[in-house]
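Topology and contacts: notes
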Amino acid sequence: KMRRGWIECRHDIDSFAPDLLSLYESLKPSEEHKSKQTQLIDSLAKSLSKEWPNARLHLYGSCANSFGTSHSDVDVCLEIEIGTESTVEILQRLADILHGDNFDDVEAITSARVPIVRMLDPGSGFSCDICINNLFAVANTKLLKDYAQIDGRLLQLASIVKHWAKLRGVNETYRGTLSSYAYVLMCISFLQLREPKILPCLQAMDPTYIMVVDDTKCTYFDDIHQLHDFGAENKESIAELLWAFFHYWAFQHDYRKDVISIRMGKIISKKEKDWTTRVGNDRHLMCIEDPFEISHDLGRVVDRQTIRIIIEEFERAADVLQHDNDPCVTLFKPYNY
Ligand code: GTP
Ligand code: MG
């Protein structure tokens, strides 16, 4: 069941923009939240410096890419020289150290694509993921942060979409739905494709930033001051954009053929990526290309059942924004499939 074609947004959609903006404001992490985060990083650095005096701690994910909310976890990357020890052995040792230093629920998750140690900081109540030498995550964190500074509507849109996804139960990769990171990439791609464009494609411009990770060059234009009014010609409100985002993913995206690529700033095809058949566990039913690890499909976790659930949620969201009398309440009604 795929209804296609373009429909117009309701004429009074902009009247919902103020409510959406105050929701966005309420999601922003508080000053108290940020200072607790800093304390957690400091105590973590102290714990680690005894064992790895030359280690560097990088924050990545939403505590550093500016897409964080007061519900976000803290993602930390430990950059260290690795000798003969394997990453898994180091993570095990890291888990022992943190356990000894009174962090709670310390657990080494070594089977994941990116192995981590997960723990709970009793001081702040924050959950914290620590990975080793995952500098791709550090690079894409900076890329997202730079995009967020070009046009304020990206942060608004992505925060609201993330909030919606959490409440509607479609932000759980271990259950076959999408990560927060995937949703942010979907929002960037969407704003790159508006007419007039709201975001440029930074990786298609002359590079001013270069970071080499495992022989891959992560490069893009990061002199974003030059782009501060890039999206000014487009006057769409957050309400209109939110509706158009859900409408796109519900009715316009061609799940059989399309791959979204913020690297290219356009839709590319599954064919050219060779993502047409299932390889191992990667089904490629919904394709979201990682900007730097370009063989990595953020939608690989989605299966035949969860893709239906996700598309139905997009349809519901578009429909609520189109017809509901109180869309800002109905849209976020908690649901667990
Ligand atoms: P919240 O914690 O929900 O606020 O969002 P987040 O932005 O921290 O996203 P998430 O915890 O899903 O991911 C953290 C970071 O891991 C991302 O920002 C990326 O830098 C990195 N990452 C790279 N590849 C992946 C991937 O396949 N899945 C996820 N989840 N993260 C990835
Ligand atoms: Mg996170």
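Residues numbered from 1 in each chain as written. Chains lettered and ligands numbered in written order. Predicted model: local features only at pLDDT ≥ 70, side-chain atom pairs only at ≥ 80, totals over all residues. Heavy atoms only, no water.

**Thoughts on helix α9 (residues 304-323)**
For an α-helix the count is 3.6 residues per turn, leaving residues at separations of three or four pointing the same way. The condition that has to hold: The helix and strand labels rest on DSSP assignments: H or I over at least four residues marks a helix, E over at least two residues marks a strand, and numbering proceeds from the N terminus. What a helix is expected to span follows from its residue count: subtract one and scale by 1.5 Å. Relative accessibility thresholds used throughout: buried, under 20% of the residue-type maximum; exposed, over 50%; partly exposed, between the two (1.4 Å probe, protein chains only). Two N or O atoms count as a polar contact when they lie within 3.5 Å, although within protein this holds only if one can serve as hydrogen donor and the other as acceptor, and sequence-adjacent residues are included solely when both atoms are side-chain atoms.
If you check α9, its first and last C-alpha atoms are 29 Å apart, about what 20 residues at 1.5 Å a residue would give, namely 28 Å. Within α9, 14 of the 20 residues are buried, which leaves it mostly tucked inside the rest of the structure. For α9, the N-terminal capping position is held by Asp-303, with its side-chain oxygen 2.9 Å away from the main-chain nitrogen of Gln-305.

**Some words on the sheet that holds strand β9 (residues 266-269)**
Heads up, the rule is: Pairing between two strands is assigned when DSSP locates at least 2 bridges connecting them. Here an angle of 0 to 180 degrees is reported between the N-to-C directions of two axes, which are lines fitted to C-alpha atoms, with helices fitted over the stretch in contact.
What the three strands build is an open sheet, ordered β9-β8-β10; its pairing is mixed. Since the sheet does not close on itself, it has two edges, and those belong to β9 and β10 (287-289), each with one partner. Averaged over neighbouring strand pairs, the angle between their axes works out to 35° when direction is ignored. With four bridges connecting them, strand β8 (residues 258-261) and β9 associate as antiparallel partners. When the sheet's bridge partners are listed, Ser-261 is paired in β9 with Lys-266.

**Some remarks on the sheet that holds strand β5 (residues 127-132)**
If you trace the five strands from one edge of the open sheet to the other, you get β1-β2-β5-β4-β3, paired in mixed fashion. Pairing within the sheet leaves two strands with one partner each, and these edge strands are β1 (56-60) and β3 (104-109). The sheet shows a mean angle of 20° between the axes of neighbouring strands, taken without regard to direction. Bridge count for strand β4 (residues 116-120) against β5 is five bridges, and the pairing is antiparallel.

**Remarks on the domain arrangement of the protein**
Stated formally: The source of the domain bounds is an automatic or database domain assignment. What makes a salt bridge here is a side-chain nitrogen of Lys or Arg within 4 Å of a carboxyl oxygen of Asp or Glu, nothing more. Three classes are used: nonpolar for Ala, Val, Leu, Ile, Met, Phe, Trp, Tyr, Cys and Pro, charged for Asp, Glu, Lys and Arg, and polar for all others, with Gly counted as polar.
Under the domain assignment used here, the protein contains domain 1 (13-27 + 151-330) and domain 2 (31-136). Here domain 1 is connected to domain 2 by one salt bridge. Broken down by element, the side of domain 1 that touches domain 2 gets its largest block of residues, four residues, from helix α5 (residues 152-167). Split into classes, the residues belonging to the side of domain 1 that touches domain 2 amount to nine nonpolar, two polar and four charged.

**Some thoughts on the packing of helix α1 (residues 17-27) against α5**
Each pair of packed helices gets described by two things: the angle between the helix axes and the distance between those axes. Convention followed: Should an angle lie under 35 degrees it is considered roughly parallel, over 145 roughly antiparallel, and from 65 to 115 roughly perpendicular; all remaining angles are considered oblique. Contact criterion: two residues are considered in contact whenever any of their non-hydrogen atoms come within 4.5 Å of each other.
Two numbers describe how α1 lies on α5: the axes approach to 10 Å, and their chain directions differ by 80°. It follows from the interaxial angle that α1 and α5 lie roughly perpendicular. On α5, the residues that touch Leu-20, Leu-21, Leu-23, Tyr-24 and Leu-27 of α1 are Leu-155, Gln-156, Ser-159, Ile-160 and His-163. Of the residues that constitute the contact of α1 with α5, the class distribution is seven nonpolar, three polar and no charged.

**Looking at the packing of aromatic side chains**
Counted only if it meets this: Aromatic pairs are defined between Phe, Tyr and Trp rings, using the six-membered ring for Trp, whenever the two ring centres lie within 6.5 Å; interplanar angles under 30 degrees are classed as stacked, those over 60 as edge-to-face, and all others as tilted. Working rule: Lys NZ or Arg CZ, within 6 Å of ring centre, within 35 degrees of ring normal, means a charge sits over the ring.
Here the structure, examined in full by the defined rule, presents eleven aromatic pairs. Each ring, one from Tyr-209 and one from Tyr-220, has its centre 5.1 Å from the other, and the planes form 50°; the classification is tilted. Of this pair, Tyr-209 sits in strand β6 (residues 209-213) while Tyr-220 is found in strand β7 (residues 216-220), placing the two residues eleven residues apart along the sequence. Both residues of the pair, Tyr-209 and Tyr-220, belong to the buried class. For the ring pair Tyr-248 and Trp-249, a centre distance of 5.2 Å and an interplane angle of 90° mean the geometry is edge-to-face. Accessibility classification places Tyr-248 together with Trp-249 in one group, the buried group. Grouped by ring-pair contacts, the aromatic residues Trp-164, Tyr-183, Phe-190, Phe-245, Phe-246, Tyr-248, Trp-249, Tyr-255 and Phe-314 constitute a single cluster. Positioned above the aromatic ring of Tyr-209 is the side chain of Lys-142, whose terminal nitrogen or guanidinium carbon lies 4.9 Å from the ring centre. Positioned over the ring face of Trp-275 is Lys-273, at 4.8 Å from the centre of the ring.

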